[in-house]
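Spelled out, the chains give:
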Amino acid sequence: SIVPGHALIDGNKRLGWVSVRLFYRLNDRDLRAPADGAFDLVASIAAGSRRDVQEIAALLRPWVVDRGLGRWGGHVQVDADFDHTDETLIDEFGS
């Protein structure tokens, strides 16, 4: 509801994307989404053409990766090929 609800004057799509990433990270997961795919998903939610939560979850599922932390923390090996999707998306969503 952050994205289509226009809670902010500007930055609703960015906040929505950061919120979903934070949700996954708090649950020992992360999203490794291609910038174009993530942008298209968030833009379709903002436009109102995509509202079904189950459909959105199904689109996010292939991008989910296990961070391997476990409930109480632990050692994580960071992927060498980690992309900087967040920074790319922030540029694409605008300032």
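Remember, it's a predicted structure, so these values are computed and weren't measured experimentally.

### A few points about the side chain of Asn12
Here is step 1 of the chain: Of note, Asn12 is situated in helix α2 (residues 12-26).
Here is step 2 of the chain: Its relative accessible area of 8% is what places Asn12 among the buried residues.
Here is step 3 of the chain: Sequence-distant contacts of Asn12, that is, excluding residues within four places in its chain, are made with Ile2, Val3, His6 and Ala7.

### A short note on the pattern of salt bridges
Here is step 1 of the chain: One pass over the full model with this rule turns up 5 salt bridges.
Here is step 2 of the chain: In this structure, Arg25 engages Asp30 in a salt bridge whose closest nitrogen and oxygen atoms are separated by 3.1 Å.
Here is step 3 of the chain: Since its relative accessible area comes to 33%, Arg25 is described here as partly exposed.
Here is step 4 of the chain: Classification of Asp30 by relative accessible area gives buried; the value is 1%.

### What to know about α2
Structural remark: α-helix, 3.6 residues per turn; residues separated by three or four positions point the same way.
Here is step 1 of the chain: Its 15 residues give α2 an end-to-end C-alpha distance of 21 Å, which sits within 8% of 21 Å, the value for a rise of 1.5 Å per residue.
Here is step 2 of the chain: The complete set of buried residues in α2 reads Asn12, Arg14, Gly16, Trp17, Val20, Arg21 and Tyr24.
Here is step 3 of the chain: Following α2 by one or two positions, Asp28 adopts a phi angle in the positive range, close to 60 degrees.

### Quick word on the confidence of the model for the chain
Here is step 1 of the chain: Summary statistics for the chain give a mean pLDDT of 78 and a share of 69% for residues scoring 70 or more.
Here is step 2 of the chain: Of all the helices and strands in the chain, helix α5 (residues 85-93) carries the lowest mean pLDDT, 53, while helix α4 (residues 53-60) carries the highest, 94.
Here is step 3 of the chain: Of the regions scoring below 50 in pLDDT, residues 74-85 engages in 12 contacts with residues more than four places distant in sequence or in other chains.

### Quick word on the nonpolar core
Here is step 1 of the chain: Grouped together as the largest cluster of nonpolar side chains are 13 residues, with contacts concentrated most on Trp17, Val20, Leu31, Leu60 and Trp63.
Here is step 2 of the chain: Listed by contribution, the elements that provide at least two residues to this core are α2, α3 (35-47) and α4.
Here is step 3 of the chain: Residue contributions to this core peak at 4 residues, all from α3.
Here is step 4 of the chain: With residues near it in sequence (within four places) discarded, Leu31 still touches Trp17, Val20, Arg21, Tyr24, Leu60, Trp63 and Val64.

Rules and cut-offs
Residues numbered from 1 in each chain as written. Predicted model: local features only at pLDDT ≥ 70, side-chain atom pairs only at ≥ 80, totals over all residues. Heavy atoms only, no water. Helix = DSSP H or I, 4+ residues; strand = E, 2+ residues; numbered from the N terminus. Buried < 20%, exposed > 50% of the residue type's maximum accessible area, 1.4 Å probe, protein only. Contact = heavy atoms within 4.5 Å. Salt bridge = Lys/Arg side-chain N within 4 Å of Asp/Glu carboxyl O. Expected span 1.5 Å × (residues − 1). pLDDT = per-residue confidence, 0-100. Core = buried A, V, L, I, M, F, W, Y, C linked by side-chain atoms within 4.5 Å.

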